[in-house]
Number of protein chains: 2
Amino acid sequence: MSDNLNFVKKLRISGLRPTKQRIKICEILFGGKDTFHFSINELSKIISQKTNEKISLATIYNTVHAFLSKGYIKQIAVNSEQNYYDTNTTDHHHFYDEDKNQLIDIHDNEVEPVKINRKIPGKKIKSIEVLVKVQNN
Amino acid sequence: MSDNLNFVKKLRISGLRPTKQRIKICEILFGGKDTFHFSINELSKIISQKTNEKISLATIYNTVHAFLSKGYIKQIAVNSEQNYYDTNTTDHHHFYDEDKNQLIDIHDNEVEPVKINRKIPGKKIKSIEVLVKVQNN
DNA sequence: TAATACTTTAGAATAGTTATAATCTACGCA
DNA sequence: TGCGTAGATTATAACTATTCTAAAGTATTA
């Protein structure tokens, strides 16, 4: 439960009240060793599996948005059917397995830095994302 | 109008009947010199501006899907709010201007080839897409 | 020209997401 | 410790994008 204290701290620091629901979602998202990828739908299922009390869908959306804007998680563009989020907020790229509908991290040492030899006047680069779509052989 | 004959041919070759609606959408998508990027919503607006008769939304969706599956256009993942399509189906990457909500092609000579030093067992790479998000300075 | 298979269409249905307003809860202050 | 208040949660309504349906229309082939 020392984790929970960390989550309370984490939430408080970013100005979010540490409610039961937010702490539970923190546990799920940040309590494991690995980062992970999820859609709202998947998160919602995990919550109802691991929790006795239900968390309303509206709260799940609110919390994901709050965590997004506080930089706890980031959004990944795959396609418009599935809206994915990633608990790994560092710059990194992804494989997308079209058969399993699953994202896989590509670590920095697994890809050469992407070099763009062009600038858009008046604009600055906010992020560079590579998405490698893969499918069964 | 020689263009129209080409569109009729193009449609017929891929097994699509050259209907009035499909030809009109071909004109809009492939009649100009440049390739372009569009959402269903934007295409729908352009159609109603440039056309006297209306084309039903369902037909616009059907046609875009048909053109997608025939390889006339391709889909671009930007975010889940906007579903974008591109008339340039060759492999290339994009800037996404977050202020104007606009895609800009990155040509092959403007980017170093992306090298991924990792393979997923049993999977083959279908596409590699780079999305460079930019915003105002 | 007639038969038929393919298309288009309006509107219904669905899915994902956001808004609303009532109830509840965390937290600062007395 | 208890109160008041701002912030949070909730069920449900509303909204938006997309897909489905089935009826009417059109291109094609014989």
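Since we're looking at a predicted model, the values are computed, not measured. (Residues numbered from 1 in each chain as written. Chains lettered and ligands numbered in written order. Predicted model: local features only at pLDDT ≥ 70, side-chain atom pairs only at ≥ 80, totals over all residues. Heavy atoms only, no water.)

A.B. asks: Sorry if this is basic, but what is going on with the interface of chain A and chain B here?
C.D. replies: By a widespread convention, an interface's size corresponds to the accessible area lost as its parts come together. Counting from both sides, the interface comprises 41 residues of chain A and, opposite them, 41 residues of chain B. Of the roughly 3900 Å² buried between chain A and chain B, counting both surfaces, carbon and sulfur atoms make up 53%. Counting across the chain A and chain B interface gives 10 salt bridges. With a shortest N-O distance of 3.0 Å, Asp97(A) and Lys123(B) are connected by a salt bridge. Per element, the largest residue contribution to the side of chain A that touches chain B is 14 residues, and it comes from strand β6 (residues 123-136) of chain A. Looking at the side of chain A that touches chain B, its residues break down into 15 nonpolar, 12 polar and 14 charged. (Contact = heavy atoms within 4.5 Å. Buried area = accessible area lost by both parts, 1.4 Å probe. Salt bridge = Lys/Arg side-chain N within 4 Å of Asp/Glu carboxyl O. Helix = DSSP H or I, 4+ residues; strand = E, 2+ residues; numbered from the N terminus. Nonpolar A, V, L, I, M, F, W, Y, C, P; charged D, E, K, R; others polar.)

A.B. asks: Quick question: what am I supposed to make of the environment of Ile60(A) here?
C.D. replies: Residues and elements named next belong to chain A. When you line up the elements, Ile60 lands in helix α4 (residues 57-69). Since its relative accessible area comes to 1%, Ile60 is described here as buried. Along the backbone, Ile60 and Ser44 are 16 residues apart, and their C-alpha atoms lie at a distance of 7.2 Å. When sequence neighbours within four positions are dropped, the list of residues in contact with Ile60 reads Ile25, Ile40, Leu43, Ser44, Ile47 and Ile55. (Buried < 20%, exposed > 50% of the residue type's maximum accessible area, 1.4 Å probe, protein only.)

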